[in-house]
Amino acid sequence: LFDDSGLLVRTNPAFEALVGSVPVALSEAGAARQQLLAWQGGGVAAAVRNFNTGAPEILLDVNRLANTPWQYQKFAYYHECAHHELGHMDIPKLKMHYDRRVQIEMEADCRAISMLRDREKFSTDDMTITTQTTRFEMEKNPNNRESQIRQRENNIQSCFLSAP
């Protein structure tokens, strides 16, 4: 957790495992780490701020992620960051058509996998573990149909294999 000036307030082992070494101040982090943590121009990027409070926000269910492979944990984090980077947080979701919600999830998946492949040097094995865990997690929700799960798996695999 960083304050508005970019100073580290607190961290935990799960976050450190996701992002690697955590800088004391975001201004001291390298450009790639600043981008990952949504630090732009000496402040928190507007796209990652809560609509009501203006506070920076990325939400992850750490209890759900605790028993998943590290590859999936990183994927979940990068996926949520991708929503911010792609401007999805500016879209009101309550009135959004189902097909558009699916589209933005697929876009975030693709951006996350691309970043993991290019920045974290995710291997084919890492991607396979991520895809399998995505299936397993989606199967827990009885509202997810097999065709939706397959579509998401295929998207992740396709994004991984596409050229940077």
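Residues numbered from 1 in each chain as written. Predicted model: local features only at pLDDT ≥ 70, side-chain atom pairs only at ≥ 80, totals over all residues. Heavy atoms only, no water.

Q: Help me understand the overall build of the protein chain, please; the structure alone is not making it clear to me.
A: On a plain count of helices and strands, the protein chain comes out with seven helices and two strands. In sequence order, the protein chain lays out its α and β elements as α-α-β-β-α-α-α-α-α. Relative to its full complement of 164 residues, the protein chain shows a buried share of 40%. Taking the contacts inside the protein chain whose residues are at least 6 apart along the sequence as the reference set, 55% of them involve residues at least 24 apart. For the protein chain, the accessible area works out to roughly 9,500 Å², and carbon and sulfur atoms hold 53% of it. (Helix = DSSP H or I, 4+ residues; strand = E, 2+ residues; numbered from the N terminus. Buried < 20%, exposed > 50% of the residue type's maximum accessible area, 1.4 Å probe, protein only. Contact = heavy atoms within 4.5 Å. Areas by Shrake-Rupley, 256 points an atom, 1.4 Å probe, with all protein chains shown as cover.)

Q: Can you walk me through the state of the cysteines in this structure?
A: Covalently bonding the sulfur atom of one cysteine to the sulfur atom of another cysteine gives a disulfide. Per the counting criterion, the structure on display carries one disulfide. One disulfide bridge connects Cys 110 with Cys 159, the sulfur atoms lying 2.0 Å from each other. On the S-S bond that ties Cys 110 to Cys 159, the torsion sits near -115°, and the link is left-handed. Of this pair, Cys 110 sits in helix 5 (residues 98–119) while Cys 159 is found in helix 7 (residues 146–161), placing the two residues 49 residues apart along the sequence. Residue classification places Cys 110 among the partly exposed positions, given a relative accessible area of 23%. (Disulfide = S-S within 2.5 Å.)

Q: Teacher, can you tell me more about the packing of aromatic side chains here?
A: Given two aromatic rings, one states the distance between the centres and the angle between the planes to describe the pair. Tallied over the entire structure, the rule returns three aromatic pairs. Between Trp 70 and Phe 122 the ring centres are 5.9 Å apart and the planes differ by 90°, which places this aromatic pair in the edge-to-face class. One end of the pair, Trp 70, is in helix 4 (residues 70–85); the other, Phe 122, is in the loop between helix 5 and helix 6 (124–139), and 52 residues separate them in sequence. Seen in terms of ring centroids, Tyr 77 and Tyr 78 are 6.1 Å apart; in terms of plane orientation they differ by 90°. Their pairing is edge-to-face. Among the residues examined, Tyr 78 registers a relative accessible area of 1% and is labelled buried. (Phe/Tyr/Trp six-rings, centres within 6.5 Å; stacked < 30°, edge-to-face > 60°.)

Q: Explain the side chain of Glu 153 to me, please; I cannot follow it from the model alone.
A: Here Glu 153 shows up in helix 7. Reaching out from Glu 153, the side chain makes a polar contact with the side chain of Arg 135 at a distance of 2.8 Å. (Polar contact = N/O pair within 3.5 Å; in protein donor to acceptor, adjacent residues only side chain to side chain.)

Q: Would you mind showing me how to read unusual backbone geometry here?
A: Most peptide bonds take the trans configuration, and most residues that are not glycine carry a negative phi. Although it is not a glycine, Lys 121 sits at a positive phi angle of roughly 55°. Within the secondary structure, Lys 121 is located in the loop between helix 5 and helix 6.

Q: How should the packing of helix 4 against helix 5 be read in this particular structure?
A: When two helices pack together, their arrangement is given by the angle between their axes and by how far apart the axes lie. The geometry of helix 4 relative to helix 5 is characterised by a closest axis approach of 8 Å and an angle of 120° between their N-to-C directions. Overall, the two elements helix 4 and helix 5 adopt an arrangement that is oblique. For helix 4 against helix 5, the interelement crossing comes out right-handed. Across the interface between the two elements, Lys 74, Phe 75, Tyr 78, His 79, Ala 82, His 83 and Glu 85 from helix 4 touch Ile 104, Glu 105, Ala 108, Asp 109, Arg 111, Ala 112, Ile 113, Met 115, Leu 116 and Arg 119 from helix 5. (Axes fitted to C-alpha atoms, helices over the stretch in contact; angles between N-to-C directions. Parallel < 35°, antiparallel > 145°, perpendicular 65-115°, else oblique. Left-handed = near helix turned anticlockwise from the far one by under 90°.)

No statement about biological role is implied by the geometric values presented.
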